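# Per-entry structural report
This is what each chain is made of:
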Amino acid sequence: MKKFIGFVKKEFFHIYRDKRSLFILFGMPIAQILLFGFAITNEINHVDIAILDQSNDVTTKEIINNIAASKHFNIVDVLQDETAIETVFKKGKIKAVLQFENMFAKNITKEAQANVQILTDATDPNMANTISNYITSILKKQQQDINNGAFTPYQIIPQSRMVYNAELKSVYMFVPGVMTVILMLVSAMMTSISITREKEQGTMEILLVSPLKPYQVIAGKVFPYIFLSVINAMAIVLLSIFVFKVPVNGSLFFLALESVLFIITSLVLGILISTIAATQQTAMMISLMGLMLPTILLSGFIFPISSMPLPLQAISNIIPAKWFIVIVKGIMLKGIGLGFLLKETLILLAMTLIYLGISVKKYKIRLE
Amino acid sequence: MKTDYVIQAENLTKLFGDFAAVNRISFHVKAGEIFGFLGANGAGKTTAMKMLIGISTPSSGRATVAGFDVYKETEAIKKNIGYMSQKFALYDDLTVKENISFYGGIYGLSKKAVKEKSHKLIEELNLQAVSNSLVGGLPLGWKQKLAFSVALLHDPKIVFLDEPTGGVDPITRRQFWEMIYKAAHKGTTIFVTTHYMDEAEYCDRVSIMVNGKIEALDTPKRLKAHYKTDTMNEVFLKLARG
Amino acid sequence: MEITVANISKSYNTVTALKDISFGVETGELFGLIGPDGAGKTTLFRILTTLLTPDNGVATVSGFDVVTNYKAIRNSVGYMPGRFSLYQDLTVEENLNFFATIFGTTIDANYDLVKDIYVQIEPFKNRRAGKLSGGMKQKLALSCALIHKPKVLFLDEPTTGVDPVSRKEFWDMLKRLQNKGMTILVSTPYMDEAALCDRIALIQDGRILEINTPKAITEHFPKPLYNIRANNMYLLITSLQKYQHTHSVFPFGEYVHYTDKRNTPDKTALSQYLKHLGLTEITIEKTKPTIEDSFMELAKK
């Protein structure tokens with residue numbers, strides 16, 4: 001036990017004295033969560049647009065006023081003819097142009113139909129799509145006002161309700177994702193780097209030629225990171241509750257247990273990496289390319305798994321992060337318990353045991 | 001200053017904050033001389049050498065290398081010197097021939113010149129069989145001899161060698177010194193920094209740096225006589241202990 | 001015998017690191033493994049410290065087999081790998097404390113053993129190991145290897161890259177440890193350190209050239225050896241290499257070491273030959289061979 005405490009103490013010295021790992025441990029989680037929470041968002045606010053109003057009548061003026069009044073758009077330019085459209089797009093500041101056809105109001109009353117064109121800068125397709133949706137909904141509302149009182153036959157009125165995230169806040173989606181990425185990063189990358197550093201410095205040789213047993217070395221290496229990862233997980237949850245007002249509908253205790261499971265999965269992956277990699281650099285490359293990228297791209301964190309091509313969907317199943325994200329979303333947003341998350345939990349557990357088995361088998365008691 | 005000196009340093013100093021890594025050193029090296037620049041790790045050897053090869057600007061003092069000023073004419077210095085260190089000399093993942101043409105290219109030798117020199121060099125070092133093999137796979141001794149030849153490729157006036165023979169076997173080491181003698185015989189000046197005292201015995205003259213200053217400068221023979229010992233190692237021990 | 005090595009061989013892929021090595025180290029002996037980089041010294045150390053398994057042959061340390069009984073060896077030996085493997089970001093004291101703890105002991109319990117060495121670095125005990133000079137790192141690494149009072153000490157190139165003053169102090173310390181009954185196996189590429197060992201094995205390219213006391217090895221040098229000097233070193237070497245009676249010629253500091261094919265060389269004729277080739281200030285005098293001369297003579301075969 002004394003040996004174990006001595007070992008853990010040494011590990012904490014390493015972490016505490018290395019500015020780089022301190023930053024990864026504590027700076028990154030906070031920076032990431034704030035970044036995803038505030039900066040990276042699917043909502044649009046104060047987007048610059050231009051108007052080309054060839055009609056210039058009461059109705060178009062009303063529509064333009066409504067758009068200008070919304071917090072989503074700023075009308076920064078009024079164009080005189082169609083040739084100007086391309087020029088403003090090329091300048092890049094304007095993201096959309098709204099073009100009303102000639103005699104717009106007259107067409108509505110006379111022909112019961114008038115045309116308006118929404119042109120968007122689709123170099124950023126998501127943005128273009130969202131802008132177009134927002135403008136369309138303003139136009140629809142206008143149409144209702146015009147029709148007010150008038151009888152319109154055969155209407156389908158869709159009523160959609162967004163369950164679990166009524167305001168469609170993107171931060172609800174990012175919190176579970178960021179938490180997963182950070183726990184993976186801290187646990188897997190930091191342990192694998194810390195073990196390979198001993199190999200590189202040659203201190204592993206002395207540890208091997210000492211009465212320490214392999215499991216003691218591993219336990220001593222892993223313990224500080226379990227501890228730090230739990231703190232990190234708590235910090236993230238607290239930040240999301242108090243700063244971003246993400247609800248935790250399920251049991252916090254259950255969330256903690258599942259997090260510890262995922263932390264252990266990641267730590268075991270870290271050990272596995274360190275049995276393959278000989279240098280810190282390799283360990284870092286494998287952690288980043290082999291774990292971080294799939295965790296970010298294929299886990300459903302940023303891109304929905306259901307819209308991926310089939311082979312990628314299949315691959316996503318072997319990524320622990322995918323299952324953990326389902327669990328976290330389930331607990332935090334849906335408020336469900338183990339009964340509904342049994343499958344995911346068991347899969348994570350099985351992965352941990354398999355990786356652990358491989359690591360133990362691959363762990364070298366000698367240098368070869 | 002007299003012109004038959006290829007390196008002249010007067011009160012050359014390098015300060016890092018308040019700390020004088022090199023403290024007012026003065027010395028002259030003659031053309032064709034093998035000059036040993038000795039000192040323990042941290043004595044200031046590397047800092048002094050960096051000023052001489054034009055990659056570090058002195059804090060004060062004067063120095064010329066191959067007739068060029070170390071403050072203003074560093075580009076000219078670099079063209080006229082060769083450099084070889086134990087740590088970095090050749091690219092392990094290039095072949096013998098590729099390394100030679102790479103260095104030839106850096107120093108602006110024509111394609112034809114590189115081809116001729118490379119052929120001659122490979123023949124002299126008996127490397128015909130491995131001329132297309134990666135340098136990484138060659139024995140340490142071969143690499144060092146090749147690195148030295150490559151440093152001489154552009155016929156520099158002075159070659160700076162940074163701890164060139166550490167760890168090689170005794171016979172290879174002698175072959176290496178034979179190459180150095182040959183280069184010196186042809187008029188190339190050799191400037192060797194080392195903390196291996198037995199390497200000092202091979203030099204025409206040696207300077208010994210202790211804590212940023214040159215504490216002794218003479219031929220090994222006279223230094224040994226002056227300190228009444230048999231080896232340069234003991235000369236160094238006496239100097240370092242004060 | 002504290003250490004026995006019998007017919008040990010080891011290869012990495014296609015490279016043979018050790019070829020059929022055999023020797024023994026007596027209890028309480030200071031035994032030196034002398035050879036250049038790549039001779040196989042580190043591989044041999046790693047086999048004896050149970051970090052590698054040999055392809056062939058048997059080795060024991062304190063009576064324990066290095067393959068089957070590796071745990072017993074790990075509990076009892078002290079090992080100082082090349083490059084002074086220390087935790088660079090821990091202080092002097094923290095390093096020593098850590099190694100004491102993992103061997104289940106404390107600094108106080110074995111302080112008398114490391115005292116000699118540790119007092120020299122104690123003034124810097126709160127300094128990080130990474131900020132120490134080579135000599136101080138070496139002393140700290142030795143203290144760490146000694147802290148659990150091992151019976152056998154393995155030191156792989158402990159003096160490489162260390163200044164001459166620290167090297168001398170280090171060898172003095174080894175002598176004192178030996179006097180306390182410790183068996184020490186040390187490797188070095190410096191031929192001049194061979195004389196400080198009780199017995200040495202000269203090793204090159206994975207083969208042992210000779211094992212004996214340093215004195216016996218130099219006494220066995222087969223031919224009279226001469227120091228030759230002249231005004232021009234390069235011409236002297238090339239001239240001697242072309243001389244018909246030359247057996248070996250090696251630059252050796254300010255001299256050239258020369259041996260003749262004949263048992264009694266003709267100094268006057270040699271002097272005449274050199275003069276004839278334009279050399280001046282020629283001196284030829286007999287000298288005693290060093291370990292390095294013996295090494296080169298043996299390696300030449």
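What you see as residue numbers is a count from 1 along each chain, following the sequence as written. Lettering for chains starts from A, numbering for ligands starts from 1, and both go in the order in which the items are written. With the structure being a predicted model, the display of local features is reserved for residues of pLDDT at least 70 and the display and counting of side-chain atom pairs for 80 or more, all residues being used for whole-chain, interface and lining totals. Calculation of side-chain values draws on the structure's entire complement of heavy atoms; hydrogens and water are dropped beforehand.

Moving on, we come to the overall build of chain A. Going along the chain from the N terminus, every DSSP run of H or I of four or more residues is numbered as a helix, and every run of E of two or more is numbered as a strand. Summing up its helical and strand segments, chain A has 14 helices and 4 strands in all. Against the 2.2 N^0.38 benchmark of 21 Å for 368 residues, chain A shows a C-alpha radius of gyration of 28 Å, more extended than a compact globule. Dimensions along the principal axes, computed over C-alpha positions, put chain A at roughly 95 × 45 × 40 Å. Put simply, chain A has 368 residues, and 46% of those count as buried. Across chain A, the fraction of contacts at a sequence separation of at least 24, relative to all contacts at a separation of at least 6, is 77%. All accessibility values rest on the Shrake-Rupley procedure with a 1.4 Å probe; residue burial counts only the protein chains present in the view. When the accessible surface of chain A is summed, it comes to about 19,400 Å², and 65% of that surface belongs to carbon and sulfur atoms. With 32 positive and 23 negative side-chain charges, chain A shows a spacing of 16 Å between the two charge centroids. For the radius of gyration, the atoms used are the C-alpha atoms, and the globule rule reads 2.2 Å times the number of residues raised to 0.38. Classification of residues uses two cut-offs on accessible area relative to the type maximum, computed with a 1.4 Å probe and protein chains only: under 20% is buried, over 50% is exposed, and between them is partly exposed. Any pair of residues with heavy atoms lying within 4.5 Å of one another is described as a contacting pair. Charge counting follows a simple rule: Lys and Arg are positive, Asp and Glu are negative, and His as well as the terminal groups are ignored. Charge placement uses NZ in Lys and CZ in Arg. For Asp and Glu, CG and CD serve respectively.

Looking now at the side chain of C:Glu193. Position of C:Glu193 relative to the elements: it lies in the loop between strand 8 (183-188) and strand 9 (199-204). Contact partners of C:Glu193, with chain neighbours within four places excluded, come to C:Thr159, C:Arg167, C:Trp171 and C:Thr188.

Take the side chain of B:Ser131 next. Residues and elements named next belong to chain B. Summarising the element assignment, Ser131 is placed in the loop between helix 4 (111-124) and helix 5 (140-151). Here a polar contact is recorded for every N or O atom pair within 3.5 Å, except that within protein the pair must consist of a potential hydrogen donor and a potential acceptor, and residues adjacent in sequence are included only if both atoms are side-chain atoms. One polar contact links the side chain of Ser131 to the main-chain carbonyl oxygen of Gln128, over a distance of 3.4 Å. Aside from chain neighbours lying at most four places away, what touches Ser131 is Thr95, Val96, Lys97 and Ile122.

The next subject is the UniProt feature "transmembrane region" (unreviewed entry) in chain A. Residue and element names in this part refer to chain A. The sites that carry the UniProt feature "transmembrane region" (unreviewed entry) are, in the present numbering, residues 21-40, 171-195, 222-244, 250-273, 285-303 and 323-356. Helix makes up 92% of residues 250-273 and strand 0%, with an end-to-end C-alpha separation of 34 Å. Overall, residues 323-356 shows 91% helix and 0% strand. The separation of its end C-alpha atoms is 18 Å. UniProt positions are given in the numbering used here, feature names are shortened, and annotations may be inferred rather than shown by experiment.

Moving on, we come to the domain arrangement of chain A. How big an interface is tends to be stated in terms of the accessible area lost upon association of its parts. Domain assignment breaks chain A into domain 1 (16-40 + 168-362) and domain 2 (47-147). An automatic or database domain assignment provides the domain bounds reported here. For domain 1 of chain A and domain 2 of chain A, the distance between their C-alpha centroids amounts to 46 Å.

Contacts between chain A and chain C engage 25 residues on the former and 31 residues on the latter. Ranking the residues of chain A by area buried against chain C places A:Arg17, A:Val209 and A:Arg366 at the top, with a combined share of 25%. A pair is scored as a salt bridge if a Lys or Arg side-chain nitrogen falls within 4 Å of a carboxyl oxygen belonging to Asp or Glu. Remark: the boundary between chain A and chain C carries 2 salt bridges. Here chain A and chain C share 14 residue pairs in polar contact (both at pLDDT 80 or more) between them. Summed over both partners, buried area is the accessible surface (1.4 Å probe) that two parts give up on being assembled.

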